[in-house]
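Structural overview for review
The residues making up each chain are set out below.
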Amino acid sequence: MALRPAQVNIKALDHSAVGRFWAEALGWSVFSGASGVTTYVGPAGDFVWPDPVAVGIDVVAVPEPKTTTKNRVHLDLATTSAAHQTELVARLQALGATPADVGQRDVPWTVLTDPEGNEFCVLEPREVYQDTGPIAAVVVDCADPRAMAGFWGEATDWTLHEETDDHATLRSAKGVGPYLEFLRAPGVKTVPDRVHLDLLPYPDDDKAAEVARLRTLGATDLDIGQGDVPWTCLADPDGHEFCVLAPS
């Protein structure tokens, strides 16, 4: 029994505009959600969900704007050369991204925000990310990377690649797609995550049993006013929200 990270969920006032931004940023396509209040972004070509390699992006409409508090979950984008990094940063700013100062000082990556203020990074070329696709990693700020890697490693079918007191990394056991990274960060989570992961059971697995298993690992039930929905909202041991979707 295990779950697979299927998509990154981003909340937005204007899901269509933010969805279009991320599609252009990643070179992916936009697929409108059936409900009319979400925009799904995934690799170009014939629509497949969940994508067998990539972790898609699902932009969901909400009535509240992002606070000024820095997100504790963000995306890192991969580049293949210094020229590619420069070109990508310029192209993203033309699309509506804004440079951001999150205290990074003199670093080789560039911090930007999307049109609604969600922080993300355009990384300098790194060998480890050369085969990930446009999203290098989903990065989570936390108090204890080792503990988070332990929970998420048990929760999903992704495997541990690196683990220190300050940094831990997971990736699909198939060696494809982005990494899931946990970084030790100061402070504590004070507002709901604007960005979170959605997990999906495999077709032959039972969603209720998977949710029960997550609770034994340390996940807690979460009521964010979701009402009667087919997915289950939980929080990991560091308090980060995530959802377990129903196979569809």
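Okay, so let's go over this structure. Computed from a predicted model, the values in this text were never measured in an experiment.

So, empty space enclosed by the protein
Regions of empty space are outlined by a rolling probe, equal in size to a water molecule, passed over the atoms. Overall, the coordinates contain 2 cavities of 30 Å³ or more when judged by the stated rule. Taken as a whole, the largest cavity holds about 90 Å³ of empty space. What lines the largest cavity is a set of 15 residues, among which Val-73, Val-140, Trp-152, Leu-197 and His-240 lie closest to the centre. Counting residues per element, the ones that place at least two in the lining of the largest cavity are strand S9 (135–142), helix H3 (145–155), strand S12 (179–184), strand S13 (195–201) and strand S16 (241–244). Of the residues that constitute the lining of the largest cavity, the class distribution is 10 nonpolar, 2 polar and 3 charged. Here the second largest cavity defines a volume of roughly 40 Å³. Lining the second largest cavity, in full, are Ile-10, Trp-22, His-74, Leu-75, Asn-118, Glu-119, Phe-120 and Val-195.

Details of helix H2 (residues 82–95)
Given a rise of 1.5 Å per residue, 14 residues ought to cover 20 Å, and the 20 Å separating the end C-alpha atoms of H2 matches this to within 8%. Inspection of H2 places Gln-85, Leu-88, Val-89 and Leu-92 among the buried residues, and these make up the whole buried set. Seen end-on, H2 carries its buried residues on one side only, within an arc spanning 100°. Counted as exposed and oriented over 90 degrees from the buried face of H2: Ala-83, Thr-86 and Ala-94. Elements in contact with the buried residues of H2: helix H1 (15–26), strand S5 (73–77), strand S7 (110–113) and strand S8 (119–122). Where H2 terminates, the next one or two residues include Gly-96, which has phi positive at roughly 125°.

Focus: the sheet that holds strand S2 (residues 29–32)
Overall, mixed pairing links the 8 strands, which are arranged S2-S3-S4-S1-S13-S16-S15-S14 in an open sheet. Of all strands in the sheet, those with a lone pairing partner are S2 and strand S14 (220–221), marking the two edges. Bridge analysis of S2 against strand S3 (residues 38–42) gives 4 bridges, and the strand direction is antiparallel. Pairing of Phe-31 across the sheet is with Tyr-40, part of S3.

Rules and cut-offs
Residues numbered from 1 in each chain as written. Predicted model: local features only at pLDDT ≥ 70, side-chain atom pairs only at ≥ 80, totals over all residues. Heavy atoms only, no water. 1 Å grid on protein atoms, 1.4 Å probe; cavity = no way out; pocket = protein on both sides within 12 Å on 5 of 7 lines; lining within 4 Å. Points joined across faces, edges and corners; volume = space filled by probe spheres on them. Helix = DSSP H or I, 4+ residues; strand = E, 2+ residues; numbered from the N terminus. Nonpolar A, V, L, I, M, F, W, Y, C, P; charged D, E, K, R; others polar. Expected span 1.5 Å × (residues − 1). Buried < 20%, exposed > 50% of the residue type's maximum accessible area, 1.4 Å probe, protein only. Arc of directions from axis to C-beta. Contact = heavy atoms within 4.5 Å. Pairing = 2+ DSSP bridges.

Just geometry here; none of it tells us what the structure is for.
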